[in-house]
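Fold and contact review
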Amino acid sequence: MAKSSADDEELRRACEAGIEGTKQSIVMSIRVAKSRGVWGKSGKLGRQMAKPRVLALSVKSKGQRKKAFLRVMKYSSGGVLEPAKMYKLKHLSKVEVITNDPSGCTFTLGFDNLRSQSVAPPQWTMRNTDDRNRLLVCILNICKDVLGRLPKVVGIDIVEMALWAKDNTPVVTTQRSTEDGEPVTETVTESDLKVTVEKELVSQAEEEDMEALLGTYVMGIGEAEAFSERLKRELQALEAANVHAILESEPLVDEVLNGLEAATNIVDDMDEWLGIFNIKLRHMREDIESIETRNNKLEMQSVNNKALIEELDKVIERLRVPSEYAASLTGGSFDEADMLQNIEACEWLAKGLRGLEVPNLDPIYAKMRAVREKRAELEKLKATFVRRASEFLRNYFASLVDFMISDKSYFSQRGQLKRPDHADLRYKCRTYARLLQHLKGLDKNCLGPLRKAYCSSLNLLLRREAREFANELRASTKVSRNPTVWLEGSTGSSQNANTDTSAVSDAYAKMLTIFIPLLVDESSFFAHFMCFEVPALAPPGGAGNDNKNQSNNDDGNDDDDLGIMDIDETDKKIGKTSPDLTALNESLQDLLDGIQEDFYAVVDWAYKIDPLRCISMHGITERYLSGQKADAAGFVRLLLGDLESRVSMQFSRFVDEACHQIERNERNVRQMGVLPYIPRFAALATRMEQYIQGQSRDLVDQAYTKFVSIMFVTLEKIAQQDPKYADILLLENYAAFQNSLYDLANVVPTLAKFYHQASEAYEQACTRHISMIIYYQFERLFQFAKKIEDFMYTITPEEIPFQLGLSKMELRKMLKSSLSGVDKSIAAMYKKLQKNLASEELLPSLWDKCKKEFLDKYESFVQLVAKVYPSENVPGVTEMRGLLASM
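Below is a summary of the structure that appears in this document.

How each quantity is defined
In every chain, residue numbers begin from 1 and rise along the written sequence. This being a predicted model, a pLDDT of at least 70 is required before a residue's local features are given, and a value of 80 or more before pairs of side-chain atoms are given or counted; all residues contribute to the totals for chains, interfaces and linings. Note that the side-chain values use all heavy atoms of the structure and ignore hydrogens as well as water. Comment: axis = line fitted to C-alpha atoms, over the contacting stretch for helices; angle = value between 0 and 180 degrees taken between N-to-C directions. Secondary structure counts use DSSP, requiring at least four H or I residues in a row for a helix and at least two E residues in a row for a strand, with both numbered from the N terminus. Here the word oblique covers every angle except those under 35 degrees (roughly parallel), over 145 (roughly antiparallel) and from 65 to 115 (roughly perpendicular). Should any heavy atoms of two residues lie within 4.5 Å, those residues are considered in contact. Any residue that is not Ala, Val, Leu, Ile, Met, Phe, Trp, Tyr, Cys, Pro, Asp, Glu, Lys or Arg is counted as polar, Gly included; the first ten are nonpolar and the last four charged. Should DSSP find at least two bridges between two strands, the strands are regarded as paired. Here a pair means two rings of Phe, Tyr or Trp (six-membered ring of Trp) with centres within 6.5 Å. Their orientation is stacked below 30 degrees between planes, edge-to-face above 60, and tilted elsewhere. Only protein chains enter the accessibility calculation, which uses a 1.4 Å probe; a residue whose area is less than 20% of its type maximum is buried, one above 50% is exposed, and one in between is partly exposed. Nonpolar cores were defined as sets of buried Ala, Val, Leu, Ile, Met, Phe, Trp, Tyr and Cys residues, with membership established by side-chain atoms within 4.5 Å. Think of a polar contact as two N or O atoms within 3.5 Å of one another; within protein, one of them needs to be a possible hydrogen donor and the other a possible acceptor, and neighboring residues in sequence only count if both atoms come from side chains. Multiply 1.5 Å by the residue count of a helix minus one, and that product is the helix's expected span. When we speak of the arc, we mean the arc of directions from the helix axis to the C-beta atoms. Only one rule defines a salt bridge in this text: a Lys or Arg side-chain nitrogen within 4 Å of an Asp or Glu carboxyl oxygen. Patch membership is restricted to residues that have no salt bridge and whose relative accessible area is over 30%. Joining uses 9 Å for like charges and 5 Å for the nonpolar side chains Val, Leu, Ile, Met, Phe, Trp and Tyr. Note on areas: Shrake-Rupley, 1.4 Å probe, and residue coverage restricted to the protein chains presented here. Positive residues here are Lys and Arg, negative ones are Asp and Glu, while His and the chain termini are left out of the count. Every charge is mapped onto a representative atom, which is NZ of Lys, CZ of Arg, CG of Asp or CD of Glu.

Moving on, we come to the packing of helix α23 (residues 677-691) against helix α24 (residues 697-720). Axis angle and axis distance: for two packed helices, these are the angle between their axes and the distance between the axes, and together they describe the pair. One way to put it is that α23 packs onto α24 with a least axis distance of 12 Å and a crossing angle of 180°. Of the possible angle classes, the one that applies to α23 and α24 is roughly antiparallel. In this structure, α23 uses Tyr677, Ile678, Phe681, Leu684, Ala685, Met688 and Glu689 to contact α24, whose residues at the interface are Arg697, Val700, Ala703, Tyr704, Phe707, Val708, Met711, Thr714 and Leu715. For the contact of α23 with α24, the residue count by class is 13 nonpolar, one polar and two charged.

With that settled, the discussion passes to the sheet that holds strand β1 (residues 25-36). The eight strands are arranged β4-β3-β2-β1-β7-β6-β5-β8 in an open sheet whose pairing can be described as mixed. Looking at strand neighbours, the two that pair on one side only are β4 (81-88) and β8 (152-154), the edges of this open sheet. Put simply, the sheet's adjacent strands are angled 35° from each other on average, direction ignored. The sheet contact formed by strand β2 (residues 51-62) and strand β3 (residues 65-75) spans nine bridges and is antiparallel. Following the sheet pairing, Leu55 is matched in β3 by Val72.

Inspection of the secondary structure assignment puts Gln702 in helix α24. On a C-alpha basis, the gap between Gln702 and Thr750 in space is 8.9 Å, while along the polypeptide they are 48 residues apart.

Our next topic: the packing of aromatic side chains. Taken as a whole and judged by the stated rule, the model has 22 aromatic pairs. Ring geometry for Phe397 against Tyr454: centres 5.2 Å apart, planes inclined by 85°, an arrangement best described as edge-to-face. Taken together, the residues span a long stretch of sequence, with Phe397 in helix α12 (residues 369-406) and Tyr454 in helix α15 (residues 447-476) at a distance of 57 residues. Both residues of the pair, Phe397 and Tyr454, belong to the buried class. Ring centres of Phe681 and Phe707 lie 6.0 Å apart, and the angle between their planes is 70°; on these two criteria the pair is classed as edge-to-face. Here the residue Phe681 occupies a position in helix α23, and Phe707 occupies one in helix α24, the gap between them amounting to 26 residues.

Okay, the nonpolar core next. In this structure, Leu435, Phe707 and Phe861 are the most contacted members of the largest nonpolar core, which totals 171 residues. Every residue in contact with Phe861, bar those within four places of it in the chain, is listed here: Leu781, Phe784, Ala785, Leu811, Met814, Leu815 and Val874. Of all hydrophobic cores here, the second largest spans 33 residues; its members include Leu55, Val95, Leu140 and Ile142.

The next thing to look at is the environment of Tyr508. Structurally, Tyr508 is set in helix α16 (residues 502-529). Taking C-alpha positions, Tyr508 is 9.8 Å from Trp605, a pair spaced 97 residues apart along the chain. For Tyr508, the contacting residues outside a window of four places in its chain are Val602, Val603, Met617, Ile620, Thr621, Leu643 and Val647. In terms of polar contacts, Tyr508 uses its side chain to reach the side chain of Thr621, at 2.5 Å.

Taking 1.5 Å per residue as the helical rise, helix α30 (residues 822-835) with its 14 residues ought to reach 20 Å, and the 20 Å between its terminal C-alpha atoms agrees with that figure. Residues Val822, Ser825, Ile826, Met829 and Leu833 constitute the buried set of α30. Seen along its axis, α30 keeps its buried residues to an arc of 100°; they face one direction. Exposed residues lying more than 90 degrees from the buried face of α30 are Lys824, Lys831 and Lys835.

What follows deals with the pattern of salt bridges. Following the criterion strictly, the structure yields 17 salt bridges and no others. Across the salt bridge formed by Arg13 and Glu10, the nearest N and O atoms sit 3.8 Å from each other. Linking Arg13 with Glu10, this pair stays in helix α1 (residues 9-18), spanning three residues, or about one helical turn. You can call Arg13 partly exposed: its relative accessible area is 47%. Residue Arg697 pairs with Glu689 through a salt bridge whose shortest N-O separation is 2.7 Å. Its relative accessible area of 25% is what places Arg697 among the partly exposed residues. Residue classification places Glu689 among the buried positions, given a relative accessible area of 19%.

We now examine a negative patch on the surface. Taken together, Asp268, Asp269, Asp271 and Glu272 make up a surface patch of like negative charges. With respect to the secondary-structure elements, Asp269 resides in helix α8 (residues 250-319). Take Asp269: its relative accessible area is 45%, and that puts it in the partly exposed class.

Another aspect to go through is the pairing of strand β6 (residues 106-111). The buried fraction of β6 is high, at six of six residues. Burial along β6 is two-sided: Thr106, Thr108 and Gly110 facing one way and Phe107, Leu109 and Phe111 facing the other are all buried. Across five bridges, strand β5 (residues 92-97) lies against β6 in antiparallel orientation. Across the sheet, residue Glu96 finds its bridge partner in β6, namely Thr108. Where β6 and strand β7 (residues 122-125) come together, three bridges link them in antiparallel fashion. Each residue of the ladder has a partner; that of Phe107, found in β7, is Trp124.

Here you go:
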């Protein structure tokens, strides 16, 4: 027979490794097959779904107490045993062998602590009945020894199991040594060798009685069925004897029943008394609980009342209006000495209003009538104070400005330019800066009228200062007027053109140097004083310092920097234009509106004295605009932009008038020689270059473009009036244009472009005029050559002499008429070239061009004759070059 898995030491060690760390020792481990049966159904279904498992019995000792467990081990994917389930043997209530299994190897274990008793317990199937009996005997022995009781056993006779256990307990022979060293052989059972709790199911005395009983029935003991039938008959006889004995003891039973009935009556009476006592105790307990509940409520009410009184005291303290603050808010003075008390009252009022709002006050209190009434009282106080403070500040701003306007010493006077000084005005206004901040916190809408009042009052002061300063500035600047007619055809129009008018642009620069920083400072002060939430001004150090050093060094003032930031750039930084920034720009419009007229007056005055000074003023204005920009000075930047546009407009007006002067030359009688506006434009350009400052180059270049375009168009129109002398007029004027602008064209790219344009037009006019003179003197010669060239495209050179008008005879006649007295013809050509030329300095270069052109044409003629008439003799090119050189 195969060895049982219960004796497999490797299996035991694998199970011990699986429960390592639990302080439990394995008593037995055996392989089984697990299946799931169905109540009332055959166990065959479970066998079809059997899974290999290992059942391990383990014990855990804790002092004198022992605990027994049944562990179910399963194989992991790597073939290692791992715990699946664990049952405590103290909950084992039934061991049942399945009767549907003919082999008797399948059993179930019932535990009384399973959650769902409706689910069939797993069925365990052994390899044979010996393995089954061995496991069940071990379980029963552990239950008897550790728990002191046996579970219910169904489907197997426990006596047969005891007999099997006695017959199948293996005997093991061991050897031990005596004191003398001699070996002694001992025979012990396997159960004695193992440290387990397996013990006998019946005692020795019970076993002896059982053997004696079985000894009386030796006959037929070998046949189990006969023996079983015999035992049944004897059992029935015993039961019948017991019934008979009971019937004989009826009087005793009646006596016992009477005693029981009397005892029952006593017990009933006792139960009734106990019920009465229980009801009384329950009522007493309910009374005690009611008293305790009322006591707890009273204690809680007392605590709540105390907390409520404290909270109400805080609320009352919060709602109380101090009398000194109430007096300041409703009727206090706004003098400088009382401002500290007014500020404290404002701070208390703002704090009190915030304290009555829901975030700072419990929403339950906010609905109280006292709180609502107190909030209305504080709102009334706020409205009264805001109205009084606004009225005072409006009157205060107006009185400050009226006082300054009434004092003439604040403004520029005859013979004295005075720089505006608003330091005292700002100092007095700063006294009420904190008051304005508190007014904004109390009622933001009240700032609108205050801002308008401030702007209206200060606007009068600024416009008066600008007007007086501009008037005195113009009056104190002594300079002669330059003519505005620069390019007119009259001879004496530019006699005063070199008058120094730098004082005009210096006056304009001084106007900007004094007032632009003042307007920027006023804008910045206004933005902060009137509590606008806008980005701060840029730090000092803009581009205006250069202009200050040039135009107003004697003033010693360092406030000419604009500190202006570009509004668009600031908008990009803050994401978008804030509402306060829009309101600020609108207020600055009110603050500074109208002051631009005085700047315009200075620009117009300067234009009348010297229009070219617009170039300098444009550069000065552009230098201010190229500096940093700030939101608070946004209107100042607009003012500078308008000034730049005004200067550009006046200069454009000058350019247009000069262009009209040029165009008027077109209507004059036939003109010869260099037109007057050509050299005068050179003088004008030289003067314009002297006035360029900063970013004025574009303005001047645009003027150059317009001037030269009109000049060239007018020149072409004048030349077309007399086609006979058109080329002479063109080449003389284009040459004069180049000669007069040679130096400027080397440094001014725009003029260099027009210089090259004039050079190309000059070359074209020279070519046309020289060709006309050459053809006039040698017309037959070069016409004959043109006919030969035309036939060369269609026939061979050998056939040309046979064409009509091109025979050798015709060639000889043409040469005789054209080249006889050629020196006289060349002299006539020189005289014709000299005759109509007004600019004698151009004659040498034109005559050189004429000789070169004649030689080129004559050389091509000689080459044609050599191809077509090889036998004919024609004066050579060298001979003709020598003749020209000798003249």
